[in-house]
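Observations on the model geometry
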Amino acid sequence: PTMIADSLAEYGYHLFPETCCTAQVTNALSALSTMKSRRTLLDEDHRSTLWDEFAISPLSRLAAIILDRTTRQRIEAEFSALQSVVFWANKYRLGEHIPLHRDRAGDLQLILPLVLPAEHCGGQLLVHHQSVVSAVPEAVGQRLLFRATKTPHQTTEVVGTSDCLNPMRIVCVCRIFF
C-alpha cells in the first residue's frame, strides 16, 4: 500500500493517525527547555524574519520521540531505507512566522508539533500544492510528513489577542534523506 505517497500526491502532506501521548510531548518540551537556542533566519532574502532554533542530536531521546520506530518503519516500507536524518526544533513567538519558501535539502520532512497557538492566534502551517493553499489541520503530538523541497510552505504570523497574550508555536523537525 502507498498510503503516505498517495496523501503526498493528493494533499501535499500526510498526517499520521497516531499521536504522541501527553507524557512524550511533556518530555520533549522538558528536553527543549534545557537546550540553548539561536535566533535564526530563513535566508539572506528574509533577514527580518527570525525565530528560535534548537539543534537536536540524532542520538538523543528527543530525536527518538520525533522519529519513533513505528513512524520510521512506515516511511522506510513505503519509500526506502533512511540514509541520514537531521533534527531541530523551531519556536515562534508573538509576531514571528516563516515566510513562503521551499527547503533546499532533504527528501522528506517530518514535523511534530509540541505547542500550537489557538487558531485565531495564527501560527498555522500552510502548504501550496497543485495551485491550492491549504491550512494543515495540525494537532499537538501528531506527526506530519511532506516534501519540503517540492512543496512551498509557510506559517502565518503568531498574533496575540485579549484571550491569548503570549501565543507560541513550537515544532520539532526531522529532515530525511534517502
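Residues numbered from 1 in each chain as written. Predicted model: local features only at pLDDT ≥ 70, side-chain atom pairs only at ≥ 80, totals over all residues. Heavy atoms only, no water.

Regarding the environment of Cys21
If you trace the backbone, Cys21 turns up in the loop between β1 (14-19) and α2 (22-33). A C-alpha to C-alpha distance of 17 Å links Cys21 and Leu32, two positions eleven residues apart in sequence. (Helix = DSSP H or I, 4+ residues; strand = E, 2+ residues; numbered from the N terminus.)

What to know about the environment of Pro152
Counting through the fold element by element, Pro152 comes out in the loop between β8 (142-146) and β9 (153-155). Between the C-alpha atom of Pro152 and that of Ser37, which follows or precedes it by 115 residues, the distance is 25 Å.

A look at the packing of aromatic side chains
Summed over the entire model, instances satisfying the criterion amount to three aromatic pairs. On the numbers, 6.2 Å between centres and 35° between planes, the contact of Tyr11 with Tyr13 is tilted. Residue classification places Tyr11 among the partly exposed positions, given a relative accessible area of 42%. (Phe/Tyr/Trp six-rings, centres within 6.5 Å; stacked < 30°, edge-to-face > 60°. Buried < 20%, exposed > 50% of the residue type's maximum accessible area, 1.4 Å probe, protein only.)

A word on the pairing of β8
Side-chain positions along a regular strand alternate between the two faces of the sheet. Burial of β8 is extensive: five of the five residues sit out of reach of the surface. The alternating pattern of β8 places Gln142, Leu144 and Phe146 on one face and Arg143 and Leu145 on the opposite face, and all of these are buried. Note that β1 and β8 share three bridges and pair antiparallel. Residue pairing across strands places Leu15 opposite Leu144, the latter belonging to β8. Here strand β5 (residues 108-115) pairs with β8 via three bridges, running antiparallel. (Pairing = 2+ DSSP bridges.)

Some points on the sheet that holds β9
If you trace the three strands from one edge of the open sheet to the other, you get β7-β6-β9, paired in antiparallel fashion. On the outer flanks of this sheet lie β7 (132-135) and β9, each paired with one strand and no other. With direction set aside, neighbouring strand axes in the sheet form an average angle of 20°. As defined by bridge partners, strand β6 (residues 125-129) adjoins β9 across three bridges and the pair is classed as antiparallel. Considered in β9, the bridge of Leu126 is made with Gln154. (Axes fitted to C-alpha atoms, helices over the stretch in contact; angles between N-to-C directions.)

Notes on the packing of helix α1 (residues 3-11) against helix α4 (residues 69-78)
The relative placement of two packed helices comes down to the angle between their axes together with the axis-to-axis distance. Following both chains from N to C, one finds α1 and α4 inclined at 80°, their axes separated by 8 Å at the closest point. On the basis of the axis angle, α1 is roughly perpendicular to α4. Here Met3, Ile4, Ala5 and Asp6 of α1 come into contact with α4, specifically with Arg74, Ile75 and Glu78. Per-class residue counts for the contact of α1 with α4 are four nonpolar, no polar and three charged. (Parallel < 35°, antiparallel > 145°, perpendicular 65-115°, else oblique. Contact = heavy atoms within 4.5 Å. Nonpolar A, V, L, I, M, F, W, Y, C, P; charged D, E, K, R; others polar.)

Geometric values such as these leave the question of function open.
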